Every structure is written in C-alpha cells, then in structure tokens.
Amino acid sequence: MTRLAGSSKLLRAMNESAALELLLDPGNLTRADLRKLTALSTPTISEVLRRLTEAGLVTVVGHASGRPGPNAEVYAANPDAAYAAAVSVRDVGTSGTPSVAAALCDLTGEVRARFESRVDFLGADPVAAVSDVVAQLREQAGIPAERLRHVQLGVPGSYDPRTGTIRLVDVPGFGRPGLVPAIAAALGTDVGVDNDVNLAAVAERRRGAGRDTENFALLWIGQDGLGLAIDINGTLLRGTRGGAGEIGYVPLYSPDSPHRKLDLQDLFGGAAIMELARDTGVAGDTPAEVVAAAAAAGPGEFLTTLADRIVVGLAAVIAVLDPYLVVLAGPIAQAGGDTLLTTVTTAFRRAAPLESSFAVTTIDDDAVLLGALDAGLAAVREALIVAVRDS
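Residues numbered from 1 in each chain as written. Predicted model: local features only at pLDDT ≥ 70, side-chain atom pairs only at ≥ 80, totals over all residues. Heavy atoms only, no water.

Undergrad: Describe the overall build of the protein, listing the residues and the values that go with them.
TA: Within the protein, the secondary structure is distributed over 12 helices and 17 strands. The dimensions of the protein, computed from C-alpha atoms along their principal axes, are 80 × 45 × 40 Å. Among the 391 residues that make up the protein, the fraction classed as buried is 49%. A separation of at least 24 residues holds for 62% of the contacts in the protein among residues at least 6 apart in sequence. Of the side chains in the protein, 33 bear a positive and 46 a negative charge, and the two mean positions are spaced by 9 Å. (Helix = DSSP H or I, 4+ residues; strand = E, 2+ residues; numbered from the N terminus. Buried < 20%, exposed > 50% of the residue type's maximum accessible area, 1.4 Å probe, protein only. Contact = heavy atoms within 4.5 Å. Lys, Arg positive; Asp, Glu negative; His and termini not counted. Charge placed at Lys NZ, Arg CZ, Asp CG, Glu CD.)

This is the structure in structure tokens:
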C-alpha cells in the first residue's frame, strides 16, 4: 500500500509539473487545451488546475468563447507568483559605460524594472553594492522581498562552482573567497553566477542567431576584453573550474620579436584595435567607434587586417570544436555588422582549410543582461516545478 501511495503522489506531481511547464511557456490554455497537450483525462486536468490555482501559481485570465456549451476558462501562470533579477557587473576599462546593469522580471518573463548605474568598486563593498542594486530593482518594480526567488550575477570572469569563487576577474573585490555565499545571505535568496560571455550565449540561444542551431560558439569581441562561449545542444561548456572560453589568455608570440609574449587580447582586443586605427588612419575615440567608422567606409586596410587577426582565434576554436555556427558578438561585432562579418568570412576561407558557418549577433540590446535574466527566470521556474513535485 505504501508503494501505491508513493506512486500515486509521484504521478500527481508529474502531472502538475507538466501542466505548469506548459502554462509557463505558451500560457493562456483551457482545460481542453491542456488535456490535448498532456493526454491526461479531464478529471485529472481539473484536479491539477485546482491545486496549481490554490498554490497561487496559476490563475484564470479569461474565458474562451465561440465553442458549444459554456465558455471555457482560460488559465495562465500567475506572473506575480515569483520574480527573478539579473545583475551584470562590468569590467569597465576604457569603455566608459556604467559599471552595473540590472533588470527584474516576473514569472512570465515580462521585465518590471531595469536600469544602469555607476558603482565605484574601488571603494564599495561588493555585497553592499549588489544588495543596493537589487533593493532598487524591487523598489522600482514594487514587489516584496519574499517574492524574489533568484538573483543571477553576470561577471567578467570565470566562476568556479567547486570553491564558490569568481576567478580571472579584474573588478575590485569580486575575486574574494566567500563573496557569493555572502551575497546570497545578504539578499536572502538563491544566487547564481556565470561568466558574462556565457550569459550572452544564453541570450543568443533563446533570442538570436543560435535559436535554430544544434550547436554554436560565440566569440565575444568587447571594447576591452575577449571571450568565448560554447553551446552544445543548449548546454554551455564551462569546464571544471568555469574557465572554458577564456580565449583572451591564449598565448602567442610576435614573429618580429620572439621573446615578447603576446596573447589573443594583444592581437584584436580593444587596445590593439586603437593601435591599428592609428596606424591606418581610422578615426574614433573608442574601439567600437573606430570599427563602426571603418565598416561605414567599406572594406579597407583596417578591416582586412583586423579580420586576419580575428581569424587566428577563430581557426583555433573551429579546429578544436568544429561548431556548426560561430556567432560574432560584443560591441565590436555589433559596430562592424555585416561588413565585418563578410570580411572575417573571406579572411577565414583564405587562411584555413576548415569549415564553419558565421553570423553576427542579431541581438541589439544588452546581451549579457538579457542572458542573465533568461538564466535567472529558468532557475525560478525549475525551482517552482521541483516544489510542485515535492509537495
């Protein structure tokens, strides 16, 4: 009898979680719709909806007309049942952009609050700074603290889940041991951490050029830094210590000075782009401005040289991973657009007997922040589904 009771509870939980997953994604479904999608009986669907409604996870949002009989109730996930927040911490460098971007969304993914701000991390404690940003999000959205179920941090470094430490990060204070648990304790909620380029790939998979691909690599060319994200069937390859994709550290040696150590960052990072601009007479105050100006003028010495340098990194990525698609992303790729893409594609075909498809990101918003929001929302939804199964 115990085994039957346990099996009955498990089956009920599976039914409830299946219905909740459907309502979280398409939403606005009737009992009949859910019955068709789940192949469950009408009484079972009615019981599932009753329990989910009583739990505050599902609500009636209207009635479907135009069918025989009484108008059917239309159900959807309750957007106010839980919230997710995203905080993107930036290594500002010479870009002059705000050092923090943040957003908060409800259970349906609708953004309820969003802003950018400048934080002096040389003088600010990271725990207090992140807590203040999250508090400002909650105040702007007008939500209680207990409804915020997850905060996702995007950082310009790698997160080692074994030690809970952010590594290879230049933002003051963020490499401190014990920082992530301290932030979670201060916020009183779950906190996730991921590399900023990985989060850009999350956004690219859901919203951009990676949506319909089996796998892709995302090469991030920022104003100051480089990075790589590796998406395999929707799963990111992070490595044992979270350092997979730190491509800017790949060492090179200058052919005209074999004793001078270089890396990919020195080849086509922000400083290298500005130096190349000076050498080729392209105007601009930032790397993105330079690339935009060069792209507007059409293929020339600057873009051809830059593309040849980018191909050095691409050839290594493709030779090792053989991805179906490589997405060029980040401020430099956005500034160069299709002109840079065409120039890079031509340079690659000329340089290496390897094959891959190339695309430039189709996301014209803050990809890191959007990816962090997507990741945070996915964590909230998964936690709710697990809670339903375990209830």
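Undergrad: How would you explain the sheet that holds strand 17 (residues 357-360) if you had to name every residue and give the values?
TA: Working definition: the strands of a sheet are paired by backbone hydrogen bonds and lie parallel or antiparallel to each other. In space, the five strands of this open sheet follow the order 13-12-11-16-17, with mixed pairing throughout. Edge positions in the sheet fall to strand 13 (235-236) and strand 17, since each has one partner strand and no second. As paired elements, strand 16 (residues 325-329) and strand 17 share four bridges and run parallel to each other. Bridging across to strand 17, Leu 325 finds its partner in Ser 357. Set on the sheet, helix 6 (residues 196-207) makes contact with strand 11 (215-221), strand 12 (226-232), strand 13 and strand 16; between it and strand 11 the angle comes to about 130°. Relative to strand 11, helix 10 (residues 301-321) is tilted by about 155°, and along the sheet it contacts strand 11, strand 12, strand 16 and strand 17. (Pairing = 2+ DSSP bridges. Axes fitted to C-alpha atoms, helices over the stretch in contact; angles between N-to-C directions.)

Undergrad: A description of the domain arrangement of the protein should follow, citing residues and the corresponding values.
TA: By domain assignment, the protein separates into domain 1 (8-77), domain 2 (83-199 + 368-390) and domain 3 (209-362). Using only C-alpha atoms to locate each centre, domain 2 and domain 3 end up separated by 27 Å. Counting from both sides, the interface comprises 18 residues of domain 2 and, opposite them, 15 residues of domain 3. Here domain 2 packs against domain 3, burying approximately 1,300 Å² in sum over the two surfaces, 51% of which is carbon and sulfur. On the domain 2 side of the interface with domain 3, the three residues burying the most area are Leu 168, Val 197 and Asn 198, jointly 41% of the side's total. The interface formed by domain 2 and domain 3 includes one salt bridge. As a salt-bridge pair, Arg 238 and Asp 194 come within 2.7 Å of each other at their nearest N and O atoms. Inspection of the domain 2/domain 3 interface yields one residue pair in polar contact (both at pLDDT 80 or more). Within the residue set of the side of domain 2 that touches domain 3, elements represented by two or more residues are strand 8 (158-160), strand 10 (190-195) and helix 6. (Domains from an automatic or database assignment. Buried area = accessible area lost by both parts, 1.4 Å probe. Salt bridge = Lys/Arg side-chain N within 4 Å of Asp/Glu carboxyl O. Polar contact = N/O pair within 3.5 Å; in protein donor to acceptor, adjacent residues only side chain to side chain.)

Undergrad: Explain the sheet that holds strand 1 (residues 29-30) to me, and be specific about the residues and the numbers.
TA: Taken together, three strands build an open sheet; the order of strands is 1-3-2 and the sheet is antiparallel. Since the sheet does not close on itself, it has two edges, and those belong to strand 1 and strand 2 (58-64), each with one partner. Taken together, the six bridges between strand 2 and strand 3 (residues 72-77) define a ladder with antiparallel strand orientation. Among the inter-strand pairings, Val 58 is bridged to a residue of strand 3, identified as Ala 77.

Undergrad: Now, about the pattern of salt bridges: what can you tell me, with residues and values included?
TA: Taken as a whole and assessed by the stated rule, the structure comprises 15 salt bridges. In this structure, Asp 80 and Arg 112 form a salt bridge, with 3.0 Å as the shortest nitrogen-oxygen distance. You can see Asp 80 sitting in the loop between strand 3 and strand 4 (83-89) and its partner Arg 112 sitting in strand 6 (residues 111-117), a full 32 residues away along the chain. Residue class for Asp 80 comes out partly exposed when judged on its relative accessible area of 29%. Residue classification places Arg 112 among the partly exposed residues on the basis of a relative accessible area of 30%. With its nearest N and O atoms 2.6 Å apart, the salt bridge here joins Asp 366 to Arg 90. Note that Asp 366 is positioned in the loop between strand 17 and helix 12 (367-390) and Arg 90 in the loop between strand 4 and strand 5 (100-106), a separation of 276 residues in sequence. A relative accessible area of 14% means that Asp 366 is categorised as buried. Among the ionic contacts, a cluster of salt bridges with common partners joins Glu 47, Arg 50 and Glu 54.

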